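# Architecture at a glance
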Amino acid sequence: MKISRGLPTVRPAPCPVLTIGNFDGQHLGHRALVQAVVDCARQINGYPMVLSFAPHPVEVLRPGSVHKFLSDDHEKIAFFERLGVGELVILPFTKELAGLRPDEFVRQVLHDGLGIRKLFVGENFVFGKERSGGVKDLIALGTQADFSVEPMAPVIVGQKVVSSTRIRQCLTVGDVGQGAQCLGRPYMLEGIVISGEKRGKQFGWPTANLRLPGHRVLPADGVYATLTVLKGECLDSIAYIGTRPTFSEEERLLEVHMFDKTLQLYGEDISVHFIERVRGDMVFANSQDLVSQMDQDGRRAREILRNYSGGPRIPAVVQGESV
């Protein structure tokens with residue numbers, strides 16, 4: 001897959017078929033849009049393309065606001081590549097770009113810049129200055145610019161529309177199961193294993209500790225049944241997110257225990273995939289009560305993982321994303 005930063009200086013192959021968006025999280029709605037582009041391009045001998053933006057528009061339009069992401073750039077690139085996108089165009093998002101009227105955006109970017117012939121968007125797609133353009137405007141402007149527009153209905157899961165906002169809400173209350181249904185896969189965090197207090201090892205529960213990425217949406221504090229991928233191997237595991245209030249610590253960490261494995265993991269890159277929440281965070285009167293609860297949590301997590309039927313148990317990883 002070709003990656004262009006800014007509008008290409010050379011026009012893409014004949015008959016570009018495009019979709020537009022930020023695609024944070026690469027959820028089922030995103031998958032449907034991109035798959036439609038790839039399928040259409042294949043049918044009409046076209047060229048499948050995606051137009052995205054960096055930085056995220058929120059960072060430009062609301063400077064100083066904190067925006068958390070559902071995925072990293074390499075996951076997004078792997079997602080497009082896996083589905084068969086021919087070219088990803090990443091357009092710098094500036095105040096000048098945000099200030100283009102809908103007709104200016106269509107003319108300068110879609111017609112003059114990319115020369116598209118067909119465009120797939122969600123039926124609630126908005127664009128242009130102050131989000132003033134909708135799908136009806138896009139269809140009319142597309143007719144003038146010699147491309148057609150295919151609005152797509154949203155994907156519904158559990159009688160609700162799948163969206164990045166919905167997934168964020170699920171994760172922040174700990175409902176990683178519903179988040180996975182919308183994503184089409186378990187939510188994942190990855191990082192390098194760092195040295196910890198080694199308290200878990202003393203209690204018979206050695207853990208791999210990860211610093212939590214400040215730019216990512218994080219599941220609510222608590223204990224989760226997880227699958228951990230290390231060097232392509234998928235391991236049953238249990239994870240804790242929180243500040244370990246029993247020991248009056250402050251830094252929020254992700255601590256992961258691999259079942260039935262003794263591993264030296266310092267410095268290793270691992271990815272943790274959240275299957276189901278076992279419980280919320282708790283404060284214990286003493287370490288004995290904590291260990292007793294950990295034993296219960298472990299039994300519950302093993303049961304969850306034994307019964308997990310959400311598809312392949314992450315047999316391989318491409319650039320950090322399960323396939």
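Residues numbered from 1 in each chain as written. Predicted model: local features only at pLDDT ≥ 70, side-chain atom pairs only at ≥ 80, totals over all residues. Heavy atoms only, no water.

If you look the protein up in an unreviewed UniProt entry, it shows as Riboflavin biosynthesis protein from Candidatus Nitrospira neomarina. Of the protein, the UniProt comment under Sequence similarities (unreviewed entry) reads exactly: "Belongs to the ribF family." (UniProt positions renumbered as here; feature names shortened; annotations may be inferred.)

With that settled, consider helix α10 (residues 287-307). The end-to-end C-alpha separation of α10 is 30 Å, in line with the 30 Å expected for 21 residues at 1.5 Å each. Taken residue by residue, α10 has Leu290, Gln293, Met294, Asp297, Gly298, Ala301, Ile304 and Leu305 as its buried positions. Seen end-on, α10 carries its buried residues on one side only, within an arc spanning 155 degrees. Summarising the geometry of α10, the exposed residues directed more than 90 degrees from the buried face are Gln288, Arg299, Arg306 and Asn307. (Helix = DSSP H or I, 4+ residues; strand = E, 2+ residues; numbered from the N terminus. Expected span 1.5 Å × (residues − 1). Buried < 20%, exposed > 50% of the residue type's maximum accessible area, 1.4 Å probe, protein only. Arc of directions from axis to C-beta.)

Here the focus is the packing of helix α1 (residues 28-44) against helix α3 (residues 73-83). Interaxial distance between α1 and α3 falls to 10 Å at its minimum, and their mutual angle equals 40 degrees. When the axis of α1 is compared with that of α3, the two are oblique. Here α1 and α3 pass one another in a crossing that is right-handed. Between α1 and α3, the contacting residues are His30, Arg31, Val34, Gln35 and Val38 on the first element and Phe79, Phe80, Arg82 and Leu83 on the second. (Axes fitted to C-alpha atoms, helices over the stretch in contact; angles between N-to-C directions. Parallel < 35°, antiparallel > 145°, perpendicular 65-115°, else oblique. Left-handed = near helix turned anticlockwise from the far one by under 90°. Contact = heavy atoms within 4.5 Å.)

Right, let's get into the sheet that holds strand β3 (residues 47-54). With parallel pairing, 6 strands are arranged side by side in an open sheet as β1-β4-β3-β2-β5-β6. Strand pairing shows two members of the sheet lacking a second neighbour, β1 (2-5) and β6 (148-152), which therefore form its edges. Each strand axis lies, on average, 25 degrees off the axis of its neighbour in the sheet, ignoring direction. (Pairing = 2+ DSSP bridges.)

In this model α1 runs 24 Å from its N-terminal to its C-terminal C-alpha over 17 residues, within 8% of the 24 Å that 1.5 Å per residue would give. Turning to α1, its buried residues are Gly29, His30, Leu33, Val34, Ala36, Val37, Val38, Cys40 and Ala41. On its buried face, α1 sits against β2 (16-20), β3, α3, β5 (118-122), β6 and α7 (164-172). Just downstream of α1 lies asparagine 45, where phi reads positive at about 60 degrees.

The subject of this paragraph is the packing of aromatic side chains. Counted under the stated rule, the structure contains 7 aromatic pairs. Between phenylalanine 53 and phenylalanine 93, the ring centres sit 5.8 Å apart and the planes meet at 85 degrees, which makes this aromatic pair edge-to-face. Of this pair, phenylalanine 53 sits in strand β3 while phenylalanine 93 sits in the loop between β4 (87-92) and α4 (95-98), and the two are 40 residues apart along the sequence. Measuring from centroid to centroid gives 6.4 Å for tryptophan 205 and phenylalanine 259, while their planes differ by 75 degrees, and the two rings are edge-to-face. Placement of the pair is tryptophan 205 in the loop between α9 (199-202) and β10 (208-211) and phenylalanine 259 in the loop between β13 (253-258) and β14 (269-280), with a sequence separation of 54 residues. Relative accessible area serves as the criterion here: at 6%, phenylalanine 259 is assigned to the buried category. (Phe/Tyr/Trp six-rings, centres within 6.5 Å; stacked < 30°, edge-to-face > 60°.)

Before going further, it helps to spend a moment on the environment of valine 155. Among the structural elements, valine 155 can be located in the loop between β6 and β7 (156-157). Setting aside residues no more than four positions away along its own chain, valine 155 makes contact with Leu28, Gly29, Ala32, Lys160, Val161 and Val162.

The subject of this paragraph is the environment of valine 109. In this fold, valine 109 is placed in helix α5 (residues 102-113). In the structure, valine 109 is positioned 98 residues away from threonine 207 in sequence and 50 Å away in space, judged by C-alpha atoms. When sequence neighbours within four positions are dropped, the list of residues in contact with valine 109 reads Leu7, Leu51, Leu91, Leu97, Glu104 and Leu114.

Another aspect to go through is the side chain of histidine 67. Checked against the element boundaries, histidine 67 lands in the loop between α2 (57-61) and α3. Judged by its relative accessible area of 19%, histidine 67 falls in the buried class. A distance of 3.4 Å separates a polar atom in the side chain of histidine 67 from a polar atom in the side chain of arginine 168. Discounting chain neighbours no more than four positions away, the residues touching histidine 67 are His56, Val58, Arg168 and His215. (Polar contact = N/O pair within 3.5 Å; in protein donor to acceptor, adjacent residues only side chain to side chain.)

What follows covers the side chain of threonine 19. Assignment of secondary structure puts threonine 19 in strand β2. For threonine 19, a relative accessible area of 0% corresponds to the buried category. For threonine 19, the contacting residues outside a window of four places in its chain are Leu33, Val34, Val37, Met49, Val50, Leu51, Leu119 and Phe120.

Further remarks concern the pairing of β5. For β5, the buried fraction is high: 4 of the 5 residues fall into the buried class. As judged from the 3 bridges shared by β2 and β5, these two strands associate in the parallel manner. When the sheet's bridge partners are listed, threonine 19 is paired in β5 with phenylalanine 120. Taken together, β5, helix α6 (residues 135-144) and β6 form a β-α-β motif whose crossover is right-handed. (Right-handed = clockwise from strand over helix to strand, strands pointing away.)

With that settled, consider the sheet that holds β10. Across the sheet, 6 strands lie side by side as β9-β14-β11-β12-β13-β10; this open sheet has antiparallel pairing. Each edge of the open sheet carries a strand with a single partner, namely β9 (187-192) and β10. Ignoring which end each strand starts from, the neighbouring axes of this sheet average 35 degrees apart. Bridging between strand β11 (residues 222-230) and strand β12 (residues 233-242) involves 9 bridges; their strand directions are antiparallel. Note on β12: the bridge partner recorded for valine 229 is cysteine 234. α10 rests against β11, β12 and β14 of the sheet, and its axis sits at about 105 degrees to β14.

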